[in-house]
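Residue-level structural notes
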Amino acid sequence: MFGVGKGNSILEVDDEGGRMFLRVLTHLTMHDYPPLVSGALQLLFRHFSQRQEVLHTFKQVQLLISAQDVENYKLIKADLDRLRTLVEKSELWVEKKSSGGGDGKKDKKEKKDKGEGASEDATPKKEKLEKGNENYQKVKEILERLNKMCSSGVWKKQQRLLKNMGAHKVMLDLLQVSYDQNDVKMQEIIRYTHLFLQKFCMGNQENQALLHKNLNLFLNPGLLEAETVQHIFNNNYQLCSEISESVLQHFIHCLATHGRHVQYLNFLHTIIKAEGKYVKKCQDMIMTELTNAGEDVVVFYNDKASFNDMLELMAESREGVGESSPLRYHISLVELLAACAEGKNVYTEIKCTSLLPLEDVVRVVTHEDCITEVKVAYVNFVNHCYVDTEVEMKEIYTSNHIWKLFEDFTVDMARVTALSSCPSLTQRHRLSVQDKVLQEILQYCHFLCV
């Protein structure tokens, strides 16, 4: 194929090592006929790029060395072939939303006229329903096996094998199957599909890039979709730095219109830092969008009435903050704001201090009912927005609020010391959480002393 000279290549097109072939193509490019010129140029480009293409193809080759690799390949191929067929014929077994309407009296009359005919139709419908249930079960079992494949053995090798066999393409097609939103069985299948895609791209930048090409497919209000998008961008600096403003606006809009779900905030948190580097562009865009979103999204318990609500939420969360609790959302929001100011970003630092003044922070942290999770988030916020900042805030070192925080810190340190002397099972959990507070306090004190 790449031989030079006579007889060196079975694909030899002339007796001059391809030189005559190149002269002919060059001559054709000089004709005044665009289709001919275009075709000749394409052949020329292909001729000189074929070595690179073959090398690139060789790099994609995955050798199945062990017997287990061969067995995995056979299992995946069989499952994907079956799943591909089921997806292509989904309209035959997936329940669609029944269309309402029509003349009720007419329907009754037709049923009356049909009589025995209706009972005869019941048998095919029953068979179709049984066949549909069987297909649901088949798809579920295939997805369970593929998910297990992503979680076992050499993880990266399995991801690459699944990529080379086009598993992600079948999953993307499955996500686009229309179904009745009340279909519980199909909801479970969609959940397994998202779980597979999340495992498929976890820690794998090539697979993340493949799914990123279909990003619009995931930009809807679904929480599963939000988690999958989070995995696509997770720890991928290139994707995070190239993210468009419309993607951020989508998630902020979801927060405002579809509820304050932590999953949306988790995605925003993910794109702030990747591969150990801060993405300043994302920090700025997120802060701008949060500022513009208003109280529907940015929830702080500043006034007296809402502060009492926060105290009640903390009292309910003594043994741990529930995932669906409004307090969990508030903690995640404070953590997100602190992350936006990490790395010394003067623009976001100013915005954060205007959203959450130091006075409000101190009022929450020093309250006797403040739980550990809230205290960790707020102390971290103070570190990045008031202490370890790009523009030095000298007035903070003489502020009464800082001394109030220090007084509260001494109480926390004493409490941790007391718990560590005789920790029971429940106290051990509380101690591990309060250790986080102690770490934040020490970090905070370090920045003040430097």
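Treat the numbers as computed from the prediction; the structure is a model and nothing was measured.

Considerations on the pattern of salt bridges
- All told, the structure shown has 13 salt bridges when counted by the stated rule.
- Between Glu-188 and Lys-140 there is a salt bridge, with the nearest N and O atoms lying 3.2 Å from each other. Placement of the pair is Glu-188 in helix 8 (residues 184–201) and Lys-140 in helix 5 (residues 116–151), with a sequence separation of 48 residues.
- In this structure, Lys-344 and Asp-388 form a salt bridge, with 3.7 Å as the shortest nitrogen-oxygen distance. Here Asp-388 lies in the loop between helix 19 (372–387) and helix 20 (400–421) and Lys-344 lies in the loop between helix 16 (326–341) and helix 17 (346–355), a separation of 44 residues in the sequence.
- Overall, the relative accessible area of 44% leaves Lys-344 in the partly exposed class.
- The network of salt bridges with shared partners includes Lys-77, Asp-81 and Arg-84.

Quick notes on the environment of Gln-42
- Here Gln-42 lies in helix 2 (residues 34–60).
- Considering only alpha carbons, one finds Gln-42 and Leu-25, 17 residues apart in sequence, at a separation of 9.8 Å.

Considering a negative patch on the surface
- Together, Glu-295, Asp-296, Asp-303, Asp-309, Glu-312 and Glu-316 give the surface a local cluster of negative charge.
- When you line up the elements, Asp-303 lands in the loop between helix 14 (280–293) and helix 15 (304–316).
- On the basis of relative accessibility, which here comes to 44%, the residue Asp-303 falls in the partly exposed class.

So, the environment of Leu-195
- Among the structural elements, Leu-195 can be located in helix 8.
- For Leu-195, a relative accessible area of 31% gives the class partly exposed.
- The sequence separation of Leu-195 and Glu-227 amounts to 32 residues, and the corresponding C-alpha distance is 9.1 Å.

Description of the environment of Ala-78
- Looking at the secondary structure, you find Ala-78 in helix 3 (residues 67–88).
- Residue classification places Ala-78 among the partly exposed residues on the basis of a relative accessible area of 29%.
- The sequence separation of Ala-78 and Ile-142 amounts to 64 residues, and the corresponding C-alpha distance is 9.6 Å.

Digging into the packing of helix 3 against helix 7 (residues 167–175)
- One can describe the packing of helix 3 onto helix 7 by two numbers: an axis separation of 10 Å at closest approach and a directional angle of 25°. The pairing of helix 3 with helix 7 is recorded here as roughly parallel in orientation. In terms of crossing hand, the pair formed by helix 3 and helix 7 is left-handed. Contacts between helix 3 and helix 7 pair Leu-80, Leu-83, Arg-84 and Val-87 from the former with Ala-167, Val-170, Met-171, Asp-173 and Leu-174 from the latter.
- By residue class, the composition of the contact of helix 3 with helix 7 is seven nonpolar, no polar and two charged.

Describing the packing of aromatic side chains
- Applying the stated rule across the entire model yields six aromatic pairs.
- With a centroid separation of 5.9 Å and 25° between ring planes, the pair formed by Phe-196 and Phe-200 is classed as stacked. On the criterion of helical spacing, the pair formed by Phe-196 and Phe-200 is a turn pair, its members being four residues apart in helix 8.
- Residue Phe-196 is classed as buried on the basis of its relative accessible area, which comes to 0%.
- Using a relative accessible area of 0% as the deciding quantity, one classes Phe-200 as buried.
- Cation over ring: Lys-277 sits above Tyr-237, and NZ or CZ is 4.1 Å from the ring centre.
- One Lys or Arg, Arg-363, reaches over the ring of Phe-307 and ends 4.5 Å from the middle of that ring.

Calculation criteria
Residues numbered from 1 in each chain as written. Predicted model: local features only at pLDDT ≥ 70, side-chain atom pairs only at ≥ 80, totals over all residues. Heavy atoms only, no water. Salt bridge = Lys/Arg side-chain N within 4 Å of Asp/Glu carboxyl O. Helix = DSSP H or I, 4+ residues; strand = E, 2+ residues; numbered from the N terminus. Buried < 20%, exposed > 50% of the residue type's maximum accessible area, 1.4 Å probe, protein only. Patch = residues over 30% accessible without salt bridge, like charges linked within 9 Å, V, L, I, M, F, W, Y side chains within 5 Å. Areas by Shrake-Rupley, 256 points an atom, 1.4 Å probe, with all protein chains shown as cover. Lys, Arg positive; Asp, Glu negative; His and termini not counted. Charge placed at Lys NZ, Arg CZ, Asp CG, Glu CD. Axes fitted to C-alpha atoms, helices over the stretch in contact; angles between N-to-C directions. Parallel < 35°, antiparallel > 145°, perpendicular 65-115°, else oblique. Left-handed = near helix turned anticlockwise from the far one by under 90°. Contact = heavy atoms within 4.5 Å. Nonpolar A, V, L, I, M, F, W, Y, C, P; charged D, E, K, R; others polar. Phe/Tyr/Trp six-rings, centres within 6.5 Å; stacked < 30°, edge-to-face > 60°. Lys NZ or Arg CZ within 6 Å of the ring centre and 35° of its normal.

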